[in-house]
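Inside the fold
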Amino acid sequence: MKFIHNDPRMKNSERIFEITENSLSYIVKMSTQNTPEHQQHLKSLLKKIK
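In this text the structure is predicted, and so the values were computed from the model without any measurement.

Here S31 shows up in strand β2 (residues 23–32). Excluding its chain neighbours within four sequence positions, the residues that come into contact with S31 are R9, M10, K11, N12, P36, E37 and H38.

The subject of this paragraph is the environment of I27. By secondary structure assignment, the location of I27 is in strand β2. Here I27 falls in the partly exposed class, since its relative accessible area comes to 21%. With 16 residues separating them in the primary sequence, I27 and K43 have C-alpha atoms 4.4 Å apart.

Moving on, we get to the pairing of strand β1 (residues 10–19). Relative to β2, β1 is paired through nine bridges, and the arrangement is antiparallel. Its bridge partner lying in β2, S13 is registered against M30. Hairpin connection from β1 to β2: three residues lie between these consecutive antiparallel strands.

Next up on the list: the packing of aromatic side chains. If you walk through the whole model with that rule in mind, you get one aromatic pair. Geometrically, the ring pair formed by F17 and Y26 is tilted, given 5.9 Å between the ring centres and 35° between the ring planes. For F17, a relative accessible area of 55% puts it in the exposed group. You can call Y26 partly exposed: its relative accessible area is 25%.

Once that is clear, we can look at the sheet that holds β1. Sheet strands associate in pairs through backbone hydrogen bonding, adopting either a parallel or an antiparallel arrangement. Taken in spatial order, the three strands line up as β1-β2-β3 in an open sheet, and their pairing is antiparallel. Each edge of the open sheet is held by one strand with a lone partner, namely β1 and β3 (39–47). Each strand of the sheet is rotated relative to its neighbour by a mean of 15°, with strand direction disregarded.

About the cut-offs
Within any chain, residue numbers begin from 1 and follow the written order of that chain's sequence. Confidence filtering applies because this is a predicted model: local features only for residues at pLDDT of at least 70, side-chain atom pairs given and counted only at 80 or more, and all residues used for totals across whole chains, interfaces and linings. Calculated side-chain values reflect all of the structure's heavy atoms, with hydrogen atoms and water omitted. Secondary structure elements follow DSSP: runs of H or I of four or more residues count as helices, runs of E of two or more count as strands, with numbering from the N terminus. Residues count as neighbours in contact if any of their non-hydrogen atoms are within 4.5 Å of one another. We call a residue buried when its accessible area falls under 20% of the maximum for its residue type, exposed when it is over 50%, and partly exposed in between, using a 1.4 Å probe and counting protein chains only. The pairing criterion is simple: DSSP has to find at least two bridges between the two strands. To pair, rings of Phe, Tyr and Trp, with the six-membered ring standing in for Trp, must have centres within 6.5 Å; the planes then decide the type, stacked if under 30 degrees apart, edge-to-face if over 60, and tilted in the middle. Only C-alpha atoms enter the line fits that serve as axes; for helices the fit covers just the stretch in contact. Angles between N-to-C directions range over 0 to 180 degrees.

Laid out in structure tokens, this is it:
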């Protein structure tokens, strides 16, 4: 398994978390040698179930 922090192609990353009353969302952005501008890589929304 290859972890991103060991990948020499990755230049920078950013994680954005948002917590609300019933959910947690996050976005992962990164830049690489081929894409120097931050681009969205992953987005997730987790909702609380009662």
